[in-house]
Amino acid sequence: MTFQFPMPSAWRREALRTNLWLVPTVEIVLAVVLFVVTYALDRAAYDGTLTLPTFVNSGSADAAREILTAIAAAVITVVTLVFSITIVTLTLASTQFGPRMLRNFIRDRITQFTLGSFVATFIYSILVLISVGRGAHGNFVPHLSITVCLALVVADVAVLVVFIDHIAKSIQLPRVIASIAGDLSRAIEADSFQVPVGARKAGSSLSEVTIRLDEESGVVAATSSGYLQFVRLDTLIAISSANHAVIRLLHRPGHFVVAGEPLAQVWPAAAAPVVSRALGGAHATGPHRTLTQDLSFAVDQLVEIAIRALSPAVNDTFTALACIDWLGDGLCKIAERWHPASVHRDGTGHVRVIVVTVEFRRLVERSHDKIRQASRAMPAVMIRQLDGIAKVIAHTGSAAQREVLLEQADMILRASDESVPEAADRADVRRRYELVQVAQSTAAAGDAQLSPG
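Residues numbered from 1 in each chain as written. Predicted model: local features only at pLDDT ≥ 70, side-chain atom pairs only at ≥ 80, totals over all residues. Heavy atoms only, no water.

**A look at the packing of aromatic side chains**
By the definition in use, this model includes 5 aromatic pairs. Seen in terms of ring centroids, Phe35 and Tyr124 are 6.2 Å apart; in terms of plane orientation they differ by 80°. Their pairing is edge-to-face. Of the two residues, Phe35 is situated in helix 2 (residues 22–46) and Tyr124 in helix 5 (residues 109–131); the sequence distance between them amounts to 89 residues. For the pair formed by Phe35 and Tyr124, the shared burial category is buried. Cluster of aromatic residues (ring-pair linked, three or more members): Phe35, Tyr39, Tyr46, Tyr124 and Phe140. One cation-aromatic arrangement involves Arg43 over Phe140; the distance from NZ or CZ to the ring centre is 4.1 Å. (Phe/Tyr/Trp six-rings, centres within 6.5 Å; stacked < 30°, edge-to-face > 60°. Helix = DSSP H or I, 4+ residues; strand = E, 2+ residues; numbered from the N terminus. Buried < 20%, exposed > 50% of the residue type's maximum accessible area, 1.4 Å probe, protein only. Lys NZ or Arg CZ within 6 Å of the ring centre and 35° of its normal.)

**Here's the deal with the pattern of salt bridges**
In this structure the tally under the stated criterion is 21 salt bridges. Here Asp300 makes a salt bridge to Arg366, at a shortest N to O gap of 2.5 Å. Highlighted residues: Asp300 in helix 11 (residues 295–310) and Arg366 in helix 13 (residues 360–374), separated in sequence by 66 residues. When its relative accessible area of 16% is taken as the criterion, Arg366 is described as buried. As a salt-bridge pair, Asp346 and Arg352 come within 2.8 Å of each other at their nearest N and O atoms. For the residue pair Asp346 and Arg352, the accessibility class agrees, reading buried in each case. (Salt bridge = Lys/Arg side-chain N within 4 Å of Asp/Glu carboxyl O.)

Set out below in structure tokens:
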């Protein structure tokens, strides 16, 4: 992974969340701080400058060692159990949902918090154990620290119950599908951008800049292979503006780039070396795709679950239907609110960065093609896809969007006619297709009423 500038908060939050070490590390640090505080209070009580409450544990040094040893042994055993449950869950997720869903479980906060809670309690109990010893006034026993350790164990038991309940729910397919759909909705909101009306424009037009990039540009090569995970547009705009240049990215987040292949074009060509050095800090590549700036990744996750469910080895039609429902929900939001910008200007209105954006057509195709191909001779799936298309059409704002959806409906109808042997089933599919046409006519009539004149 290559970067020189700090990555923006959206990418940084995703990178920090998708691991199993950050939250446990924070909890361990808090446990050490808690021990320092309770140890200081115990020392003050030992020296006679502080009186502890009556409910604080008041056993002997040997009893304290036995209690703390038992707690440490029990906690580390439960830590092993928690790790085992997590590994089993990840294995199940890999086989049932696909390997790309593993990141969804790794980034789960309850799993991270549970692991951290037990490890932090273990560290705390060990610190308290080694603090027991001889002092100037006889054996030093950290009574308050032992009491706090017992309270942490009780809290850990509650956390364990919550964790087991959470794991039992989180591996249920409807919960997994809804979670991915929620990620898709958040990605749509984060990736939506509407160019302000009357935005300032200056310098060469977009068509002129495009011609010059085609004829006179310099090439910036990728420095490492991997999936493009994030592009920091504000940095690119600042770089290009400082060098009076225009940058055209040849890949978007989610694309796989190969080291040495063109990553961007720069005009004028003389600015390419400067831009190349700075561009390394304005993008991140890695071994996997992420939801940050990669809207189609969530779509692909839902499609993967659906086609796995439709495979002969699984044959789980209802899971596929649930995926289709959530894909339809996502496409409704995309058609209604998603307006990605492919051209970015600086404060003076000059074109500075041209990016590759995923088109509405491509998202519709990714949502339907593989499922349609896997569901031949399955009228229930075809009917649900047509129902979803009809709903999406009601949220479209242009004839071009509806044309893309109608193309998918036509392909589903042809697949039904070719693969479904039962005439009654084909008739059911055709009736749903006719409802799609009705939705198209209704949406077109609504556009006509809204158009001026």
